[in-house]
2 protein chains.
Amino acid sequence: MTNPRDTLDAQDPTLLLSHAVAAARQGRAEGGIPIGAALVADGRVVATGYNKRVQMGSAIRHGETDALENAGRQPASVYARSTMVTTLSPCDMCTGAILLYKIPRVVIGENRTFLGGEDLLRSRGVEIIVLDDAECVAMMEEFIAAQPQLWNEDIGEPD
Amino acid sequence: MTNPRDTLDAQDPTLLLSHAVAAARQGRAEGGIPIGAALVADGRVVATGYNKRVQMGSAIRHGETDALENAGRQPASVYARSTMVTTLSPCDMCTGAILLYKIPRVVIGENRTFLGGEDLLRSRGVEIIVLDDAECVAMMEEFIAAQPQLWNEDIGEPD
C-alpha cells in the first residue's frame, strides 16, 4: 500500500504554505497578529515562526524574522538552498532579512492586504511565488478589521 | 557654575555615536561581534543594542535590530522623530528595519569595512550621516582579522 504522504512533493508551494498558515493560526490563538512563516531547506522545515509583537512585546519578531531566529545560527550554505514561506508579503525588514541571508526563493500566501518588498526581492534575483491563498487573506482581513491600531503599529504606520 | 554637560548638543552626531560605540565595546567584551547601535529620540537614548549572534545564538539581533527590540513597542510618532545610530553601515536586514519604522535619520560610525544599504535608505528619503570614525574602523578591522568566519556568518557570506 502506498503511503499517501509519499505522493506529496516536499517542495510543493501549497504544502509549504500550510506550515506557515499553521504558525499564523497559532499566533492568532495566542491573541497575536496572524502572520506565520517557515524556513524550509532540502524539503525539510528548518524552523517555523510567527509574529510575536503581542506575545513578546517585540518590534522585530515578524513571521519571517521569528522563523530565522528559531532556526538559530546557520551557515550560508543552508540559506542558499532555502525557501522562506510566509503567509503575507514580506515587509521591508523581512525583505531585508531575506536579502541578508541570500535566501533564493520566497513563497507568499497573499499580497492583497499588504504589499511588501517583492519588487526589491525580484530585482536582487529572488524567485517570488504568490499563491493568493483565500485563508491567508481571510485571516488578515479579520485581524485588520478587529485590531486596526495593532496592525498599523506592526507596519510602522500612524494610527 | 555652568555644568559642562549643558554645553553638549544632545543631537550632535559624534555624541550620539558614543552610545553606539559603548554598546559595541560591551558586545566585544562579551566575546561577541563589535557592532553597536542606539535609537535616539528628542535628544534622549530610547535604547541601545549590540550584535548578539554569539551571546544569544541569534540570527536577527544585529546592533540596530537589538536596539529596536530593546526599545520595545513604540508608536509610529516616536520612530518618526528618531535617529538610528550605528557603529557600522547597516546590512540589508537593518536597512529594512529602518525603512519599516520610517526612521528619518541614520548616523553611521563607518562604512569602510562593510557598506550596507545606504543607497536604498537615501532613495527612500532617509538622511545619512557617515562619521568615518577611526575607533569604529579599528574595532571592525581587529574583529574581522581575528574571526573572519564569524564575520562572514553574520553577513550571510560563505566561509
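Residues numbered from 1 in each chain as written. Chains lettered and ligands numbered in written order. Predicted model: local features only at pLDDT ≥ 70, side-chain atom pairs only at ≥ 80, totals over all residues. Heavy atoms only, no water.

Chemist: A description of the side chain of B:His62 should follow, citing residues and the corresponding values.
Modeler: Take B:His62: it is sitting in the loop between helix H2 (53–56) and helix H3 (63–71). Among the residues examined, B:His62 registers a relative accessible area of 5% and is labelled buried. Those residues in contact with B:His62 that lie beyond four places of it in its chain are A:Leu100, A:Tyr101, B:Tyr50, B:Asn51, B:Arg53, B:Cys91, B:Met93, B:Cys94 and B:Asp154. (Helix = DSSP H or I, 4+ residues; strand = E, 2+ residues; numbered from the N terminus. Buried < 20%, exposed > 50% of the residue type's maximum accessible area, 1.4 Å probe, protein only. Contact = heavy atoms within 4.5 Å.)

Chemist: Could you give an account of the nonpolar core, with specific residues and numbers?
Modeler: The biggest cluster of nonpolar side chains holds 66 residues, and the ones touching the most others in it are A:Leu68 and B:Leu68. Non-local contacts of B:Leu68, meaning those with residues more than four positions away in its chain, are made with A:Ala59, A:Ile60, B:Leu39, B:Tyr79, B:Met84, B:Ala97, B:Tyr101 and B:Ile103. (Core = buried A, V, L, I, M, F, W, Y, C linked by side-chain atoms within 4.5 Å.)

Chemist: Would you mind going over the environment of B:Tyr79 in detail, with residue names and values included?
Modeler: Note that B:Tyr79 resides in helix H4 (residues 76–80). Here B:Tyr79 falls in the buried class, since its relative accessible area comes to 1%. Residues B:Tyr79 and B:Lys102 lie 23 residues apart in sequence; the distance between their C-alpha atoms is 6.5 Å. Setting aside residues up to four positions removed in sequence, B:Tyr79 forms contacts with A:Ala59, B:Leu39, B:Leu68, B:Gly72, B:Gln74, B:Tyr101, B:Lys102, B:Ile103 and B:Pro104.

Chemist: Residues and numbers for the pairing of strand S5 (residues 127–130) of chain B, please.
Modeler: Residue and element names in this part refer to chain B. Inspection of the sheet shows strand S4 (residues 105–110) paired to S5 by four bridges, in the parallel sense. When the sheet's bridge partners are listed, Arg105 is paired in S5 with Glu127. In this region the chain leaves S4, passes through helix H6 (residues 118–123) and returns to the parallel neighbour S5; the handedness of that crossover is right-handed. (Pairing = 2+ DSSP bridges. Right-handed = clockwise from strand over helix to strand, strands pointing away.)

Chemist: Could you give an account of the sheet that holds strand S4 (residues 105–110) of chain A, with specific residues and numbers?
Modeler: Note on sheets: strands pair through backbone hydrogen bonds, and any given pair is parallel or antiparallel. Residue and element names in this part refer to chain A. Ordered in space as S2-S1-S3-S4-S5, the five strands form an open sheet in which the pairing is mixed. Every other strand in the sheet has two partners, leaving strand S2 (44–50) and strand S5 (127–130) as the edge strands with one partner each. Here the strands of the sheet are splayed against their neighbours by 15° on average, with no regard to which way each runs. Alignment of strand S3 (residues 82–88) against S4, held across five bridges, turns out to be parallel. By the bridge assignment for S4, Thr86 is matched with Ile108. Its contacts with the sheet put helix H1 (residues 13–29) on strand S1 (36–41), S2, S3, S4 and S5, and the angle it makes with S3 is roughly 50°. Most of the contacts of helix H3 (residues 63–71) go to S2, to which it runs at about 130°, and overall it touches S1, S2 and S3. (Axes fitted to C-alpha atoms, helices over the stretch in contact; angles between N-to-C directions.)

Chemist: Give a description of the relation of the copies chain B and chain A that names residues and reports values.
Modeler: Between chain B and chain A, the superposition needs a rotation of 180° and an axial shift of 0.0 Å, giving an RMSD of 0.0 Å. The relationship between the two copies is best expressed as a two-fold rotation axis. Considering only C-alpha atoms, the residue of chain B closest to the rotation axis is B:Gly96, which sits at 2.5 Å. Of the residues that chain B buries at the interface, 100% are likewise interface residues in chain A, meaning the two copies contact each other through the same surface. (Least-squares fit on C-alpha atoms with pLDDT ≥ 70 in both.)

Chemist: Residues and numbers for the interface of chain B and chain A, please.
Modeler: Counting residues at the interface gives 34 residues for chain B and 34 residues for chain A. For the pairing of chain B and chain A, the buried interface totals around 2800 Å² over both sides, and the portion due to carbon and sulfur atoms is 57%. Counting across the chain B and chain A interface gives six salt bridges. Between B:Arg73 and A:Glu153 there is a salt bridge, and its shortest N-O distance comes to 2.6 Å. Along the contact surface separating chain B from chain A lie 22 residue pairs in polar contact (both at pLDDT 80 or more). Elements with a minimum of two residues in the side of chain B that touches chain A: H2, H3, H4, helix H5 (92–100) and helix H8 (148–154) of chain B. A per-element tally of the side of chain B that touches chain A places H5(B) first, with six residues. A class-by-class count of the residues in the side of chain B that touches chain A yields 16 nonpolar, eight polar and ten charged. (Buried area = accessible area lost by both parts, 1.4 Å probe. Salt bridge = Lys/Arg side-chain N within 4 Å of Asp/Glu carboxyl O. Polar contact = N/O pair within 3.5 Å; in protein donor to acceptor, adjacent residues only side chain to side chain. Nonpolar A, V, L, I, M, F, W, Y, C, P; charged D, E, K, R; others polar.)

Chemist: Go over the pattern of salt bridges, please, and point to the residues and values.
Modeler: According to the stated counting rule, one finds 28 salt bridges over all chains in the structure shown. Here A:Glu157 and B:Lys102 are joined by a salt bridge, their closest N and O atoms 3.4 Å apart. With A:Glu157 in the segment after helix H8 (148–154) and B:Lys102 in the loop between H5 and S4, this residue pair bridges two chains. On the basis of relative accessibility, which here comes to 32%, the residue A:Glu157 falls in the partly exposed class. You can call B:Lys102 partly exposed: its relative accessible area is 39%. A single salt-bridge network, built from bridges that share partners, covers A:Arg53, A:Glu153, A:Asp154 and B:Arg73.

Chemist: Could you give an account of the packing of aromatic side chains, with specific residues and numbers?
Modeler: Counted by the stated rule, this structure contains six aromatic pairs over all chains. Both rings, one in B:Phe143 and one in B:Trp151, keep their centres 6.2 Å apart while their planes meet at 80°; by these two values the pair is edge-to-face. Each member of the pair, B:Phe143 together with B:Trp151, is buried. Members of the aromatic cluster, joined through ring pairs, are A:Phe114, A:Phe143 and A:Trp151. Sitting over the ring of A:Tyr50, A:Lys52 keeps its end group 4.4 Å from the ring centre. (Phe/Tyr/Trp six-rings, centres within 6.5 Å; stacked < 30°, edge-to-face > 60°. Lys NZ or Arg CZ within 6 Å of the ring centre and 35° of its normal.)

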